[in-house]
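Understanding the architecture of this molecule
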Amino acid sequence: MGGVRRVAIEGARASTEEPSVESPTIDPAPLNVVRMTPPVEATLRILLNSVPYLIGAAVVRQPAVGDAVEAQVGRMPWLHDRRLLTLQLPDDSLPANRAILLDWPVPYQAEWVGVPPRLLISRLVTQDRTVGVLLGTLISRDQISAGAREALDLSCELIAAAVGSDSLATLSAPSAVEEPRRLVVVPDESMREPESSLVIAMPTESEPVLDPKDEQDERDRQVVDEVARALDELTDARSIGRVLRDAVTAIAGVDGFSVALFNSVRREVAYRYKVVGADPNSAEMGRQAIDDGPDCYAARHDRRWHGFVREIGVRGPEGVEARKISVLQYPLIAADEIFGVATLQIFGDTGFSDHATRLVLRVIEVSSDRLAAVRRAARFQPSLSPQESAAAAVLPPVAAAPFPTPADPSTEAPTTDQILNDLVTNCGEIGLPTTFMVGVDPAAGLLRGELISSSPAARELDYALGISAGRFTIELSDRYNAIARACREGRIVTSPTLEELVHPLRDADGAATLERLVQGGRSTIIPISVSGDVVGALVVGPMSDEPGFSTVVKVRDLVNETASRLAEAWRTKP
């Protein structure tokens, strides 16, 4: 949450300082008020009625032009806070159409009585484009219920669709009737709307009005169907790789693409199809290997995809220069078995868009069964005999699957997620309700959030840091983070404050606020080692008191048992 976090920290610091001569109080410039559009107004009022303790909401168009407030209902003490009205949000700063709560200082213009309100903020996204930010005023410190959370997320999606639709083009026409409680605030200077929302011709009555989302879904379906048809007659991994290369290049514009198929007996890559672009830097990208084997992070975790940023050295006119590369890896799954990894790479650290990521996933899923079949048949290169039947080389997915053998469900090998969930559950059973887990991603040099317990304090910590959502990332080389130090040194580390766990994601003030929220900051970090390699760590805490020696011994035994189970599962995994 880079942009939001920096602005929030600056705002928190500003609220604690006394006004000085260098920062005089200046009244905001007068604002022109016109009528808001009915869809946004109606959705905002429904939102206020659905979420308890929410007494105000406003919509800010992004990218902002001046004080570009689109709509406001109820009490919004932050309406004239220029830091929020001109906020520029990167795509990874906030989750799409999902609200979070911040302790944001109330600006000096607001006359507030009672408990300090919390700022509710959500990035409004439609058609993979950030169109605005939803701001709200919440006057409760209680946790939002599941029903209110669902209503809030749905309202965010509806408001995003309304802000991004052509209906907002009517804002350019002045309203003949002014209603003081139905506001759209625009700056004094003229604000030009994007051309796409003003010059689109309205369809005639005889033409059906198509939802842009439906049109995009139809185009995506056609792309997936086209890829499926192209794969119908292919009987080798290289030919399938070529089709996938063309598809992902058209979707995401990649600079490098590869498909690695694992050996069915040994933990190694049996076949790898790899291509790069014509650019000389792309060739250097291909020469510097990336981990896509059976032990890579994407293959060891049951997730739909895994993204990270890596660096390579590229020789240029001024010597060797560092170039950042965004990497996206998809595990190839068939019959509940991860048999390979598909890797996409592009230059830069901006990553891939949400739409491209999900569309490539659909393309990979369409090809997974056929790739699994050619891997079982060991047919990696095109056949030298064109007369050979395709059915003889690649059986259909159902027929090519191994014959089922009766087995006791209780004897089935547990997955990695099941083993790690058992560890968190066992910690709760011995009186440790707040624990969370991080995994080591050696390719990216990061620690990533994995799992967290279900206690109220743990949920509050998860909402703030995004541990279970994978947004909690710490550099493995960080000298001041206690979790990174425990994983580097392979030993148990205790942390007296929450700041040592969340550095550098939070500064001292932010960590202290979060520590008060979860009612404790003492933690014990126990690394998880499998076959001599640290693959993650269990964090016991944060809590008000340090666990006793006997409790730490019990947790250490649980961690050792978990490491043994992981080693056995990964060793027996095909």
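Look up: the structure comes first, before these words.
These numbers were taken from a predicted model, which means no experiment stands behind them.

Another point: the overall build of the protein. Check the secondary structure of the protein and you find 17 helices and 18 strands. Across the 574 residues that make up the protein, the buried fraction comes to 45%. Long-range pairs, those at least 24 residues apart, make up 65% of the contacts in the protein between residues at least 6 apart in sequence.

Judged by pairing direction, the sheet is antiparallel, and its 5 strands sit side by side in the order β9-β8-β12-β11-β10 without closing on themselves. The sheet is open, and its two borders are formed by β9 (269-276) and β10 (306-316), each paired with just one other strand. For this sheet the average axis-to-axis angle between neighbouring strands, irrespective of direction, equals 20 degrees. Where helix α6 (residues 237-252) meets the sheet, it contacts β8 (256-262), β9 and β12 (337-347), and its direction lies at approximately 40 degrees from that of β9.

Here we come to the packing of α6 against helix α9 (residues 354-376). Contact geometry for α6 and α9: axes closest at 10 Å, N-to-C directions at 175 degrees. If you check the angle between α6 and α9, you find them roughly antiparallel. Where α6 approaches α9, its residues A237, I240, L244, A247, V248, I251 and A252 are matched on the opposing element by A356, L359, V360, V363, I364, S367, R370, L371 and V374. Per-class residue counts for the contact of α6 with α9 are 14 nonpolar, 1 polar and 1 charged.

What follows concerns empty space enclosed by the protein. Scanning the entire structure with this criterion turns up 4 cavities of 30 Å³ or more. If you add up the space inside the largest cavity, you get close to 100 Å³. H301, L420, G439, V535 and L566 are the residues nearest the centre of the largest cavity, which is lined by 13 residues in total. Contributions of two or more residues to the lining of the largest cavity are made by α12 (416-429), β13 (435-441), β18 (533-543) and α17 (549-572). Looking at side-chain class alone, the lining of the largest cavity contains 7 nonpolar, 4 polar and 2 charged residues.

Quick look at the nonpolar core now. Residues F257 and L344 are the most contacted members of the largest nonpolar core, which totals 37 residues. Listed by contribution, the elements that provide at least two residues to this core are α5 (212-231), α6, β8, β9, β11 (319-334), β12 and α9. Broken down by element, the residue count for this core peaks at 9 residues, all from α9. With near-sequence residues (within four places) excluded, L344 lies in contact with V248, V254, G256, F257, S326, V327, L328, Y330, F352 and V360. Core analysis: the next-biggest nonpolar cluster, separate from the first, contains 27 residues, F436, I474, V518 and I525 among them.

Its 14 residues place the ends of α12 20 Å apart at the C-alpha level, agreeing with the 20 Å of an ideal helix rising 1.5 Å per residue. Of the positions making up α12, those classed as buried are T416, I419, L420, L423, V424 and C427. The arc enclosing the buried residues of α12, seen along the axis, measures out at 140 degrees, which places them on a common side. Directly after α12, the chain includes G431, whose backbone phi takes a positive value near 95 degrees.

Conventions adopted
- Residues numbered from 1 in each chain as written.
- Predicted model: local features only at pLDDT ≥ 70, side-chain atom pairs only at ≥ 80, totals over all residues.
- Heavy atoms only, no water.
- Helix = DSSP H or I, 4+ residues; strand = E, 2+ residues; numbered from the N terminus.
- Buried < 20%, exposed > 50% of the residue type's maximum accessible area, 1.4 Å probe, protein only.
- Contact = heavy atoms within 4.5 Å.
- Pairing = 2+ DSSP bridges.
- Axes fitted to C-alpha atoms, helices over the stretch in contact; angles between N-to-C directions.
- Parallel < 35°, antiparallel > 145°, perpendicular 65-115°, else oblique.
- Nonpolar A, V, L, I, M, F, W, Y, C, P; charged D, E, K, R; others polar.
- 1 Å grid on protein atoms, 1.4 Å probe; cavity = no way out; pocket = protein on both sides within 12 Å on 5 of 7 lines; lining within 4 Å.
- Points joined across faces, edges and corners; volume = space filled by probe spheres on them.
- Core = buried A, V, L, I, M, F, W, Y, C linked by side-chain atoms within 4.5 Å.
- Expected span 1.5 Å × (residues − 1).
- Arc of directions from axis to C-beta.

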